[in-house]
Amino acid sequence: MDAAPADFRAGPVQLCVGECRPELRARSAQLYSFVTPTVLGLSPSRGPESGGTKVTVMGDNLGAGSSVNVQFGNQTCEFFGRTMAEIVCYSAVSLAGVGPVQISVSVDRAQIRESLTFEYIEDPTVQRIDPDWSIASGHTPLMVTGTNLDVVQEPRIRVKYAGRESVNVCKVLNSTCMSCFAPSLMAEYNPTLDSVKHADEFGFIFNNVQALLVYNNTNLLYYPNPVFEPLSTSGVLEQKPGSPIILKGRNLVPPASGGVKLNYTVLIGETPCSVTVSESQLLCEPPNLTGQYKIMVQVGGLHVSPGSVHIMSDSLLTLPAIVSIAAGGGLLLIIVILVLIAYKRKSRENDLTLKRLQMQMDNLESRVALECKEAFAELQTDINELTSDLDRAGIPHLDYRTYAMRVLFPGIEDHPVLRELEVSGNGQQGTEKALKLFGQLINNKVFLLTFIRTLEMQRSFSMRDRGNVASLIMTALQSRLEYATDVLKHLLSDLIDRNLESKNHPKLLLRRTESVAEKMLTNWFAFLLHKFLKECAGEPLFMLYCAIKQQMEKGPIDAITGEARYSLSEDKLIRQQIEYKTLILNCVNPDNENSPETPVKVLNCDTITQVKEKILDAVYKNMPYSQRPRAVDMDLEWRQGRMARVVLQDEDITTKIENDWKRLNALMHYQVSDRCVVALVPKQTSSYNIPSSASISRSSISRYDSSFRYTGSPDSLRSRAPMITPDLESGVKVWHLVKNHEHGDQKEGERGSKMVSEIYLTRLLATKGTLQKFVDDLFETLFSTVHRGSSLPLAIKYMFDFLDEQADKHGIHDQDVRHTWKSNCLPLRFWVNVIKNPQFVFDIHKSSITDACLSVVAQTFMDSCSTSEHRLGKDSPSNKLLYAKDIPNYKSWVERYYADISRLPAISDQDMNAYLAEQARLHSNEFNMLSALNEIYSYISKYSEEITAALEQDEQARKQKLAYKLEQLIAAMSQES
């Protein structure tokens, strides 16, 4: 057909055979018309670059002509079909990648020029499928997440298993989400398929996107189909109305991870019922129906019927049943009437009891309220009072030697290293000469390291021995601290290597003192931090000790059990109401009776020994404790006028004894009143008020006095409450404020009147609030790099840097581990010991109650250095609950302290050695070196064979002939002995 003029109208087609004469011409009945095709738009206007998008080009007269061609850029769109209003074709693969392409449409020779564009976008991708499992029958919902999913026109999901492909439909929700139904695994479900199967192939049919036909990121799991047992052998289950229908089976809950579960629908006839699913059964709550119905279970693509149910209608009661109910009802009525009569009688009796109980409850309530009010008032007033009362008359620091001995050799007052070496017989000179040779050996690093390592390998070398050897070595090397530090670093490095090799948790390093190195580290810090203790940290520690002592003594303290009204420790709290009054006694000056009397605050419930202690504290407050007279060596005289003098004692002939309980005499026993004049005089034997058996008095006094005076080791404090044992002669038990509750002879009435003991725990809070400022001051001083003008001791920076170097060397970058090493090295190793035992640093006396309170502060200090979170509950120890809000704040101080130290400039070995040499020079004559060496030699003689063998095996020791030198030393010493 040629082109037609623009205004050509429709007309018939003429056909001529040969010539166009009428007889050789035919004309069509239909009219043929010429039209102009136009394009108006296309849908969709975008698709994936892999092609395959079904595109509809819309316009007019598009069904004209004999052939049509749609071009997307240079690519032909595969023709599918057309009508006068539209052409449908499938987009080809984009050769130019993503981006818009021009669309051109030609019908025969007509080129339709319209500015239509189709945009190729990136192929859709699939990122995740949730859940990644189905059942063998499929049709469970899957949620597909990806990108550009909305450009897929008819998305489908496919699975291939055992040569068979199965396809199911998907529905696009938006560009990133699509929901699909899982395809079934097999055409006919095989009941023997009772194990988990993996699909051979699994993917998506997204237009022409080949990349997703097989999706390798997820392999779809197929669990066996749920299998249901028949409801009954007959196939019909008889059921009462309202009873739940139980469908038993297996594979009901696939063991898949995640929270997705199968969605079961149970139909009774056509009516659904609510379903509860468990591992082996479905519980169906049936609707209100009667009659017989088929039960159908639907889950995914599985539709199965385990049988039918016949729900019976409620039958009317039979005559015998009605008679039985009537008889039972009559009998019940008679019983109720009898019970009511009995109840009325009983209620009259109970009314009186109830009123009595009500009065007791009201009484208890008012006492609880009063106690809480008192505690609150004390908390408000005590802080100001305590701060103003605490006048300090110089801190009684112990001298360096005594301080060092208490840390190094706790509990041993007169140690050989403090004395000149004494050798029996004529061997003094020879022994000293031999020990000087031994001193040279100790100063040989190879020998000393081999000596320590060999001792630690011996099974009979106990923990006590390890501590002793470490302390002796440090005293022997007091004048050579640079060398001692070098040896310590070697031993610590060995310890870290052993700890990591034995697969122990790195945080356990330095946790306990189980090696010579760990005790040497404690002693090293004790030597080098003495100046810091004296100039900086000692003051807040002493203030805390004074504050605790003063606060405890404001209230009653039981002389026997050590319990107190004011305490930080729950174990040492008096849990009952003690009536007491504060008295002021005017005490005659023991040194000069004509000088003014000293006013002393005491309580009328204090025992005589407690009063003597308080008087001694007041009169000799400017004197160190060791230089004061002892309370046990003094008598307390109550002076009434010029001549009348009564000696007051804890036990005398006036002491009261009730039911085998002997109560110690307090001031109220003697009816001592406010502003009375008393005097402390040296102990004498008075004819007045001495008990008939002096031996009983002495034994009793010595027993409870032991709880007031401490000079021994800290171990002796562990049994803080003295045992309440009967006097052997009389079988009488001694008490002061509270009787030991383990004795069952307390009257019922006393127990009933005693208030609920837990209410007194508010006093812990009041005491804690009063002492808070002093605890904060101490912690702030210890966890600060610059405090009150004192710079950080070099020893701390040097040792922390050494631990960081060791951590870097072993590739430990966990900050928690590094933090724990530092905490175990200094705060938990040295400071906790000092906080619990201020008598190591000061010339003071630590009572049992003060010790208990300091232990709570020390525990809080330890918790502040920990990196682990403390989960608190109502069963947590009271000391942890007490400081629960403060510990996070303290922890931040510790972290900041460690961070500040790490930022300080590193200390050169030259500067450190100069500092160590200066420290050694200052204290070089504190200990007798020969005595220390003599003590160390006892271990050489005990393990001589093992040490000699170790020296012979060590290459460096062989070069220096150390084994030979040791044998010479042993020979010299044995000759002298």
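What you see is a predicted model; the values in this text were computed from it and never measured.

(A) Summary view of the overall build of the protein chain. If you tally the helices and strands in the protein chain, you get 24 helices and 37 strands. Across the 977 residues in the protein chain, those meeting the buried criterion constitute 46%. Contacts spanning at least 24 positions in sequence make up 69% of the contacts within the protein chain whose residues lie at least 6 apart. Accessible surface for the protein chain amounts to roughly 50900 Å². Of this, 52% is attributable to carbon and sulfur atoms.

(B) Representation of the nonpolar core. Among the nonpolar cores identified, the biggest contains 138 residues, and Phe438, Trp524, Phe525 and Trp831 are the most heavily contacted of them. Counting 25 residues, the second-largest nonpolar core is a separate cluster that includes Val144, Met178, Ala182 and Val209.

(C) Here's a closer look at the state of the cysteines. Per the counting criterion, the structure on display carries 4 disulfides. Paired through a disulfide, Cys77 and Cys89 show a sulfur-sulfur distance of 2.0 Å. Between Cys77 and Cys89, the S-S dihedral sits near 95 degrees, and the bridge is therefore right-handed. On the criterion of sequence distance, the pair formed by Cys77 in strand E7 (residues 75-82) and Cys89 in strand E8 (residues 86-90) is long-range, its members being 12 residues apart. Judged by relative accessible area, which is 0%, Cys89 ranks as buried. With its sulfur 2.0 Å from that of its partner, Cys273 forms a disulfide with Cys284. Looking along the S-S bond of the Cys273-Cys284 disulfide, the torsion reads about -140 degrees, which is the left-handed sense. Linking Cys273 in strand E24 (residues 271-277) with Cys284 in strand E25 (residues 281-285), this pair joins segments that are 11 residues apart in sequence. Along the protein chain, the cysteines engaged in disulfide bonds are linked according to the scheme 1-2, 3-4, 5-6, 7-8 when indexed in sequence order.

(D) Focus on the packing of aromatic side chains. Evaluated as defined, the whole model comprises 31 aromatic pairs. With 6.1 Å between their ring centres and 35 degrees between their planes, Phe542 and Tyr545 make a pair best called tilted. Remark: Tyr545 and Phe542 occur in helix H8 (residues 530-553); sequence separation between them is 3 residues, near one turn of the helix. The class of Tyr545 is buried, set by a relative accessible area of 5%. Through successive ring pairs, a cluster of aromatic residues spans Phe779, Phe783, Phe800, Phe861, Tyr890, Trp893, Tyr897 and Tyr898. Its guanidinium or amino end placed over the ring of Trp661, Lys733 lies 5.3 Å from that ring's centre, counting from NZ or CZ. Across the ring face of Phe774, the terminal group of Lys773 is positioned such that the distance to the ring centre comes to 5.1 Å.

(E) Molecular detail of the packing of helix H17 (residues 848-865) against helix H19 (residues 887-903). H19 packs onto H17 with a crossing angle of 60 degrees between their chain directions and a minimal axis gap of 8 Å. Between H17 and H19, the angle is such that the two are oblique. When the axes of H17 and H19 are compared, the crossing they make is right-handed. Between H17 and H19, the residues in contact are Thr860, Asp863, Ser864 and Cys865 and Ile887, Tyr890, Lys891 and Val894, respectively. Along the lines of polarity and charge, the residues of the contact of H17 with H19 split into 4 nonpolar, 2 polar and 2 charged.

(F) Spatial organisation of the pairing of strand E30 (residues 634-640). Burial within E30 is extensive, with 6 of its 7 residues counted as buried. Two strands pair when backbone bridges link them, and E30 and strand E34 (residues 677-682) are joined in this way by 6 bridges, in the antiparallel orientation. Bridging from a neighbouring strand, Leu636 pairs with Leu680 of E34. With 5 bridges connecting them, E30 and strand E31 (residues 644-648) associate as antiparallel partners. Looking at E31, one finds that Arg639 is bridged to Arg645. With antiparallel pairing between neighbouring strands as the criterion, E30 and E31 make up a hairpin whose turn holds 3 residues, including Gly641 at a positive phi of roughly 80 degrees.

(G) Broad picture of the pattern of salt bridges. On inspection of all chains with the given rule, the structure shows 31 salt bridges. As a salt-bridge pair, Arg21 and Glu23 come within 2.8 Å of each other at their nearest N and O atoms. The exposure class of Glu23 is exposed, given its relative accessible area of 57%. Counted as one network, the salt bridges with shared partners bring together Lys549, Glu553, Asp617 and Arg628.

(H) Structural view of the confidence of the model for the protein chain. Scored by pLDDT, the protein chain has a mean of 82; 87% of the residues are at 70 or more. For the protein chain, the element scoring lowest by mean pLDDT is helix H11 (residues 694-705), at 36; E8 scores highest, at 93. Considering only residues more than four positions removed or in separate chains, one finds that residues 686-726, a stretch of pLDDT under 50, has 87 contacts. Note that residues 743-755 has pLDDT below 50 and, in this model, 17 contacts with residues that lie over four places away or in other chains.

(I) Spatial organisation of the pairing of strand E16 (residues 177-181). Along E16, the buried face is formed by Met178 and Cys180; none of Cys177, Ser179 and Phe181, which line the opposite face, is buried. Here 5 bridges tie strand E13 (residues 141-147) to E16, and the two strands are oriented antiparallel to one another. Bridged to Val144 within E16 is Met178. Pairing between strand E15 (residues 164-172) and E16: 3 bridges, direction antiparallel. Paired with Lys171 across the strands is Ser179, a residue of E16. The turn linking E15 back onto E16 is made up of 4 residues.

(J) Structural detail: the sheet that holds E15. Taken in spatial order, the 6 strands make up an open sheet running E11-E13-E16-E15-E14-E18, and their pairing is antiparallel. Only two strands of the sheet have a single partner each, and these edge strands are strand E11 (125-130) and strand E18 (201-205). On average, adjacent strands in this sheet sit at an angle of 30 degrees to one another, irrespective of strand direction. As judged from the 5 bridges shared by E11 and E13, these two strands associate in the antiparallel manner. Bridge pairing in E13 places Thr125 opposite Thr147.

(K) Seen up close, the sheet that holds E34. Strand order across the open sheet formed by 5 strands is E29-E28-E34-E30-E31, with mixed pairing between neighbours. Strands at the two margins of the open sheet, each flanked by one partner only, are strand E29 (598-603) and E31. Within this sheet the neighbouring strands show an average axis-to-axis angle of 40 degrees, counted without direction.

Criteria and cut-off values
The residue numbering used here restarts from 1 in each chain and proceeds along that chain's sequence as written. At least 70 in pLDDT is required for a residue's local features to be given in this predicted model, at least 80 for side-chain atom pairs to be given and counted, and no such filter applies to totals for whole chains, interfaces and linings, which use all residues. Hydrogen atoms and water are omitted, and side-chain values are computed over all heavy atoms in the structure. Here a strand is any run of E in DSSP of at least two residues, a helix any run of H or I of at least four, and the numbering for each starts at the N terminus. When a residue's accessible area, from a 1.4 Å probe over protein chains only, is under 20% of the maximum for its type it is buried; when over 50% it is exposed; and in between it is partly exposed. Contacts between residues were defined by any pair of non-hydrogen atoms, one from each residue, lying within 4.5 Å. Values of accessible area rely on a 1.4 Å probe in the Shrake-Rupley scheme; residue burial ignores everything except the protein chains shown. Here, the term nonpolar core denotes a set of buried Ala, Val, Leu, Ile, Met, Phe, Trp, Tyr and Cys residues that are joined through side-chain atoms within 4.5 Å. Put simply, a disulfide is two cysteine sulfurs that come within 2.5 Å. Note on aromatic pairs: the rings of Phe, Tyr and Trp (six-membered ring only in Trp) are paired at centre separations within 6.5 Å, and the planes decide the class, stacked below 30 degrees, edge-to-face beyond 60, tilted for the rest. Throughout this description, the term charge over a ring refers to an Arg CZ or Lys NZ atom that lies within 6 Å of the ring centre and within 35 degrees of the ring normal. Comment: axis = line fitted to C-alpha atoms, over the contacting stretch for helices; angle = value between 0 and 180 degrees taken between N-to-C directions. Each angle gets one of four labels, with under 35 degrees taken as roughly parallel, over 145 as roughly antiparallel, 65 to 115 as roughly perpendicular, and the rest as oblique. Crossing handedness is defined as follows: a turn of the near helix away from the far one that is anticlockwise and smaller than a right angle gives a left-handed crossing, while the clockwise case is right-handed. Just so you know the grouping, Ala, Val, Leu, Ile, Met, Phe, Trp, Tyr, Cys and Pro go in nonpolar, Asp, Glu, Lys and Arg go in charged, and all remaining residues, Gly too, go in polar. Any two strands with at least two DSSP-identified bridges between them are counted as paired. Salt bridges are identified by distance alone: a Lys or Arg side-chain nitrogen within 4 Å of an Asp or Glu carboxyl oxygen. The quantity known as pLDDT measures the predictor's confidence residue by residue, on a range of 0 to 100.

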